[in-house]
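# Report on the structure
Chain residues, written in single-letter form:
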Amino acid sequence: MSIVKLRVNGATHEVDVEPSTPLLYVLRNDLDLRGPRFGCGLGQCSVCTVIMGGAAIRSCITPVSAVRGEVTTLEGLSKHGKLHPLQEAWIEEQAAQCGYCQNGQIMTAKALLDRNPHPSDAEIREAMDGALCRCMTFYRVQAAIRRVARGTKATGERQ
Amino acid sequence: MSNPLELPPELEDALAGLNQPSRRGFLAGSGALAITLSLSALPGARALAQAPLAAAGPYPDPDFLKLDTWIVIHPDNTATFYVGKTDGGQGTGTAFRQMMCDELDIAFDKTRLVMGRTDITPDQGGSGGSTSVERDGRPMRRVAAEARRVLLDLGGQHLATPVEMLAVANATIFVKSDPGRTVTYAELIGGKRFNIPLTGSRIDLTAGQAAVKPVTDLRVVGQSHKRYDIPAKVDGSLRWAVDMKLPRMVHARNVRPPYAGAALQGIDETSVRDLPGFIRVVSRGNYVAVICEREEQAIRAARQLKAHWQRPTVAPFPASGELFDYMRRATPTSTSEPRVEGDPEAAFKVAARVIEAEFEVPFQGHSSIGPAHALADPSDGQMTIYTNDMKAYSHRTGVAKFLGMPREQVRVVYMDGPQVYGRTAADDAGFEAAFLANELGRPVRMQWMRDEEAGWDTKGPAHVFKLRGALDERGKLVALEYDACSADYNHLWYNESDTVLIAQLMGIRPAKPAKGSVESPTTMYSIPNQRTTTRIVGMPLIWETPLRTGNLRDPNGPQVTFAFESFIDELAAAAQADPIQFRLDMLEQGKEDDVFRKSRSLAVVRAAAKLYGWDPRPSPKSQPSASGDQMLAGRGVAYTYRGNTIVAVIAEVEVNRETGRVWTKRLVCAHDCGLVINPEALHHTVECGMLHGLSRALWEEVQFDTEKVTSVNWASYPSLRHSDTPETIDIALVNGDPNPGRPDLAPYGAGECSHKPLIAALANAIHDATGVRLRRAPFRSERVLSALQAQSA
């Protein structure tokens, strides 16, 4: 075990774990976060997605020792009690069924819109293709993303 | 958040936790007032929510014949409803609240709902079979109506006014002629017991003296209330079963036999003993698990554990490539008596044309996005299991029996989890966690890994079908033979202590394996002469097998409907008839039944055709060999019913001739489930049900060699993705009842019906586009391409 320092959702944490521990288990079990969840442990489904350095990464296959810079989880999207526009759009579109995978859907969508605020439908499909959902909420998830993409004024406003 | 009165989930948890002892005392009639907490009294709610629920048992069954079991009115004039159901994400919880609010005359946002807690909610069995609203919503409505009646009586006394002169709005009773004279529900009974007995020989028959409102008076029902559970699911605040943590909790992972039917010969514990956090290896029979302090440690230890297994002497099953040949040859474990209507033999003899076809559907998996998980707490000699088991009540009974504990000492706390659809009808992980917690004397959290979930979850049974149809000289279907074979022997039922996976691996067996099931088509077509035969077969290995069958969303429906509605399409094509007109003709000649399925079927098929903009013509669209286009477009219809709910789906596809890829551009669905409780939530459930069917049509197939499942992750078990999603989905909610405005119009189940006809609709659309008839699901690109090549060859 060794002490690892992490910045997650604006706060600094120190955890005493094996450096090879996947980030997912540190977020869930040491920092008590609930957004990222275990889905496959293989980086195939996106349920564990967090954002690091502007990219959506799979925390289930990212050793905690490989973390560089700020990590944002689903919990870190809302600011000052106000939901992120994507989260609001998710509620407006009632995008979830069971909701277990929605962390991956929302975080993947956030990374997409941060780099491309006005994606075409084809770009949305392509960027979201790795975000699996077994309730098959894809149609509404895409609608929720379009809702935000249409309402976006300029890059960087959405934080 | 949408509403300040909507309790954040952690406060809800804390409330439920803190209320726990008093809630049971309350139900036991101790006379104590229910403890209610204002939000301001809960500054440390998050910390409180982390604390275990009060552990002291026993946990007697809540008495469904007491009004207090179902409804509590709080001093702040809000209400909590307690129901014995679970919500797998279709919004049934929201629907229950809407139905109960309407009968009680209280605003939706002034209520809360507690579900699936075996110690404080009455046993309605949890979820399954699309029965939540249709069957189990009835007692909810009746008890809420009874509460309103009792409150009106009390209000009449309080206001010294006859009840007939009173009315209620928003949980406040007022004198009709003098609306300033009011009394609230809270003033009458807030925090106190109703002490009103109910009647009913079964929980779904529970009733008080009051009648429910006529449908025409319902105000909350029929509104598209936003689902109350979604905000906490998108901001990360919801505590799911997977998130439960307790002091002294440890983590477990299973070590499964590497080959089906393998026998454990020995374990080399030194292979893991020195790993960090290692606590114990537990094994009994062929069941093996490793327990460690931390989760990643348990995962590592389970992978690293050296165990010696002996292969079985007989191959447990054929490889998936040989499955259908095996099924055709296998001696059935049971065979139905042939069901004959009319004289099919004679009709076939004089037929103008006879068509024959065989259809095949492989095993398909639940492959839940979140592998099985549960936390079991053995504190104080009791057992509490935190789980997403859709059937929390049988889980409690099953675990008690499995551990040899009195039922009263076991309770199950249902919490949200990944999709249910039958997978958690027997929650293996809860049994495993409870067994290990009992062994260790500490709370144990169990979670399966991906390969384990895909490999060892319950499977929807594989099917082979043979159909034969006779057309007369006018192209009318005069006789049909339907023969179905399902690989469903030893089907897993609900949380039985001798059939869950851990029991099987320990060598525990019931006296007889479950027979399994095989179905006939559900249709209102008039077919004068019919012969129906069905049989069930088993694999050579029936216990401890990864090819365990269980309920998967309308357990045999999608398979049966694929074969039957594809075949109807083949007959229509042979008769050179428009596929919708061919179906309408058979429906029009059919007989009406007690829930008007004939009228409603006609209404639904017509509504789908209208919404789609269907232009009548026979299929296929053209001779594709004549066309040089790379993309071939077509449309296909399928119709069926599930229970009392009727559905017709039209799929519009594009088939790429060069790659074989099928893209469903548009889906149209007409759906009649009677009274609609929440139109938007219903729309979404119908949508997702169709897309789940589309996934089974295009992608899903469990693959195996002769000793293990080989489709064990999302690369080897592909599922529908964003790129497969239709551009447009249109849904018509139809009310085809001959008396659509009747005051007793009932709601019917909607969780599965739209899922059922998808494979058939896709096959029919692909045929329309290409002229190729696919009789073997799923329709992956390789299979479509080779069929196209065979056609042009």
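From a predicted model like this one, the values you see are computed outputs, not experimental measurements. (Residues numbered from 1 in each chain as written. Chains lettered and ligands numbered in written order. Predicted model: local features only at pLDDT ≥ 70, side-chain atom pairs only at ≥ 80, totals over all residues.)

### Re the overall build of chain B
Under the convention used in this document: Only DSSP runs of H or I reaching four residues or more are called helices, and only runs of E reaching two or more are called strands; each is numbered from the N terminus. Computation of the radius of gyration draws on C-alpha atoms alone. For the globule rule, the value is 2.2 Å times the number of residues to the power 0.38. With C-beta atoms placed from the backbone, a residue counts as buried when 20 or more other C-beta atoms lie within 10 Å of its own, as exposed when 12 or fewer do, and as partly exposed for counts between those limits. Any two residues are considered in contact once their C-beta atoms, placed from the backbone, lie within 7 Å.
Looking only at helices and strands, one finds 20 helices and 27 strands in chain B. Taking 2.2 N^0.38 as the reference for a compact globule, 793 residues should give roughly 28 Å; the C-alpha atoms of chain B span a radius of gyration of 28 Å, in line with that estimate. For chain B, the C-alpha atoms occupy an extent of roughly 80 × 80 × 45 Å along the three principal directions. Counting across all 793 residues of chain B, residues that qualify as buried make up 58%. In chain B, the proportion of contacts linking residues at least 24 apart, taken out of those at least 6 apart, comes to 80%.

### Overview of the overall build of chain A
A tally of helices and strands in chain A yields five helices and five strands. Secondary structure of chain A in N-to-C order comes out as β-β-α-β-β-β-α-α-α-α. Computed over C-alpha atoms, the radius of gyration of chain A comes to 15 Å, within 12% of the 15 Å expected from 2.2 N^0.38 for 159 residues, which places it in the range of a compact globule. Seen through its principal axes, chain A has C-alpha atoms that stretch 45 × 30 × 25 Å. Split into buried and exposed, the 159 residues of chain A put 57% on the buried side. Long-range contacts, defined as pairs at least 24 residues apart, comprise 58% of the intrachain contacts of chain A with a sequence gap of at least 6.

### Brief notes about the domain arrangement of chain B
As a reminder, the rule being used: Throughout the structure description, domain borders are defined by an automatic or database domain assignment.
Segmentation of chain B into domains returns domain 1 (9-236), domain 2 (242-312 + 372-447), domain 3 (321-366 + 459-536) and domain 4 (576-792). Across the boundary between the two partners, domain 1 of chain B contributes 20 residues, which contact 21 residues of domain 4 of chain B.

### Observations regarding the nonpolar core
Condition: Think of a nonpolar core as buried Ala, Val, Leu, Ile, Met, Phe, Trp, Tyr and Cys residues, each tied to the set through C-beta atoms within 7 Å.
One finds V290, A433, A608, V649, L762 and I766 of chain B to be the most contacted residues of the largest nonpolar core, which totals 281 residues. Excluding residues within four positions of it along the chain, I766 of chain B makes contact with G634, V653, V655, V662, V772, L774, F779 and V784 of chain B.

### Points about the packing of helix α2 (residues 85-93) of chain A against helix α5 (residues 138-151) of chain A
All names here are of chain A. Put simply, the test is: Inter-axis angles, ranging from 0 to 180 degrees, are taken between N-to-C directions of lines fitted to C-alpha atoms, where helices are fitted over the stretch in contact. Orientation categories follow fixed angle ranges, with anything under 35 degrees roughly parallel, anything over 145 roughly antiparallel, 65 to 115 roughly perpendicular, and all other angles oblique. In a left-handed crossing the near helix is turned counterclockwise from the far helix by less than a right angle, and in a right-handed crossing that turn is clockwise.
Interaxial distance between α2 and α5 falls to 9 Å at its minimum, and their mutual angle equals 130°. One way to sum up the angle between α2 and α5 is to call them oblique. The handedness of the crossing between α2 and α5 comes out as right-handed. In this structure, α2 contributes P85, L86, A89, W90, E92 and E93 to the contact, and α5 contributes R140, A143, A144, R147, V148 and G151.

### What to know about the interface of chain A and chain B
Inclusion rule: Any residue that is not Ala, Val, Leu, Ile, Met, Phe, Trp, Tyr, Cys, Pro, Asp, Glu, Lys or Arg is counted as polar, Gly included; the first ten are nonpolar and the last four charged.
Taken together, the contact pairs 48 residues of chain A with 50 residues of chain B. For the side of chain A that touches chain B, the secondary-structure elements that each account for two or more residues are α1 (23-30), α2, α3 (102-115), α4 (121-128) and α5 of chain A. Sort the elements by how many residues they give to the side of chain A that touches chain B and α5 of chain A lands first, with four residues. The residue inventory of the side of chain A that touches chain B, partitioned by class, reads 25 nonpolar, 15 polar and eight charged.

### Quick notes on the confidence of the model for chain B
Interpreting fine coordinate detail is not advised for predicted regions of low pLDDT. Residue and element names in this part refer to chain B. Using the following cut-off: Predictor confidence is given residue by residue as pLDDT, running from a minimum of 0 to a maximum of 100.
For chain B, per-residue confidence averages 93 on the pLDDT scale, and residues scoring 70 or more make up 92% of the total. Ignoring residues within four places in sequence, the model shows residues 1-15, a span with pLDDT below 50, making 35 contacts including any to other chains. With pLDDT under 50 throughout, residues 17-21 is counted as low confidence; its partners more than four residues away or in other chains account for 11 contacts. Model confidence for the complex: the whole-complex pTM is 0.94, and ipTM, which rates the interface, is 0.95.

### A look at the domain arrangement of chain A
Quoted interface sizes are often the accessible area lost when the parts come together. Residue and element names in this part refer to chain A. In terms of domain boundaries, chain A breaks down into domain 1 (2-76) and domain 2 (85-151). Taken over C-alpha atoms, the centre of domain 1 sits 21 Å from the centre of domain 2. If one sorts the elements of the side of domain 1 that touches domain 2 by residue count, strand β3 (residues 49-52) sits on top with three residues.

### Let's talk about helix α19 (residues 758-770) of chain B
All names here are of chain B. Keep this limit in mind: Each residue after the first adds 1.5 Å to the expected span of a helix.
Under the 1.5 Å per step criterion, the end-to-end length of α19 is 18 Å for 13 residues, consistent within 8% with the ideal 18 Å. The buried fraction of α19 amounts to 13 of the 13 residues, a majority that puts the element mostly inside the structure. Just downstream of α19 lies G771, where phi reads positive at about 80°.

### What about the pairing of strand β18 (residues 410-414) of chain B?
Residue and element names in this part refer to chain B. To keep things clear, this is the line we draw: By the convention used here, strands pair only if DSSP detects at least 2 bridges between them. A crossover gets the label right-handed when its path from the first strand over the helix to the second runs clockwise, viewed with the strands pointing away from the viewer.
In terms of burial, β18 is a largely internal element, five of the five residues being buried. Here β18 shows two buried faces, one formed by V410, V412 and Y414 and the other by R411 and V413. Pairing geometry for strand β17 (residues 383-387) and β18, over five bridges, is parallel. Residue pairing in the sheet places Y386 in a bridge with V413 of β18. This β-α-β element, β17 to helix α11 (residues 392-403) to β18, shows right-handed connectivity.

### Quick look at the sheet that holds β3 of chain A
Residues and elements named next belong to chain A. Reading across from one edge, β2-β1-β5-β3-β4 is the order of the five strands in this open sheet, with mixed pairing throughout. Two strands in the sheet have a free side with no partner beyond their single neighbour: β2 (11-17) and β4 (55-58). On average, each strand axis in the sheet is inclined to that of its neighbour by 40°, with strand direction left out of account. Bridging between strand β1 (residues 2-8) and strand β5 (residues 70-72) involves two bridges; their strand directions are parallel. Each residue of the ladder has a partner; that of V8, found in β5, is V71. α1 rests against β1, β2 and β3 of the sheet, and its axis sits at about 105° to β2. Set on the sheet, α3 makes contact with β3 and β4; between it and β3 the angle comes to about 25°.

### So, unusual backbone geometry
The amide bond that connects S619 of chain B to the next residue, P620 of chain B, takes the cis arrangement and shows omega of -5°. Checked against the element boundaries, P620 of chain B lands in the loop between α17 (597-612) and β24 (631-642). The omega torsion across A777 of chain B and P778 of chain B is -5°, close enough to zero to call that bond cis. By secondary structure assignment, the location of P778 of chain B is in the loop between α19 and α20 (781-792). Positive phi, close to 50°, is recorded for H80 of chain A, a residue that is not glycine. Owing to 4 C-beta atoms within 10 Å, H80 of chain A belongs among the exposed residues under this scheme.

### A short note on the environment of V4 of chain A
Residue and element names in this part refer to chain A. Mapping V4 onto the fold places it in strand β1. Residue V4 is classed as buried on the basis of its C-beta count, with 20 C-beta atoms lying within 10 Å. Distance in space between the C-alpha atoms of V4 and V64 is 7.7 Å, their sequence separation being 60 residues.

### Topic: the environment of G104 of chain A
Residues and elements named next belong to chain A. Mapped onto the fold, G104 is located in helix α3. With 28 C-beta atoms counted inside 10 Å, the residue G104 sits in the buried group. Separated by 29 residues in sequence, G104 and C133 have C-alpha atoms that sit 9.0 Å apart.

### A closer look at helix α8 (residues 295-304) of chain B
Structurally, the α-helix is built with 3.6 residues per turn, so residues lying three or four positions apart point the same way. The buried count for α8 of chain B comes to eight of 10 residues, which makes it a mostly enclosed element. All of the buried residues along α8 of chain B are E295, E296, Q297, A298, I299, R300, A301 and A302 of chain B.

### Some remarks on the pairing of strand β4 (residues 166-169) of chain B
All names here are of chain B. The pairing of β4 with strand β5 (residues 172-175) spans four bridges and is antiparallel. Residue pairing for β5: A169 is matched across the bridge by T172. Linking β4 back to β5 in an antiparallel pair, the connection comprises two residues, with N170 at a positive phi of about 50°.

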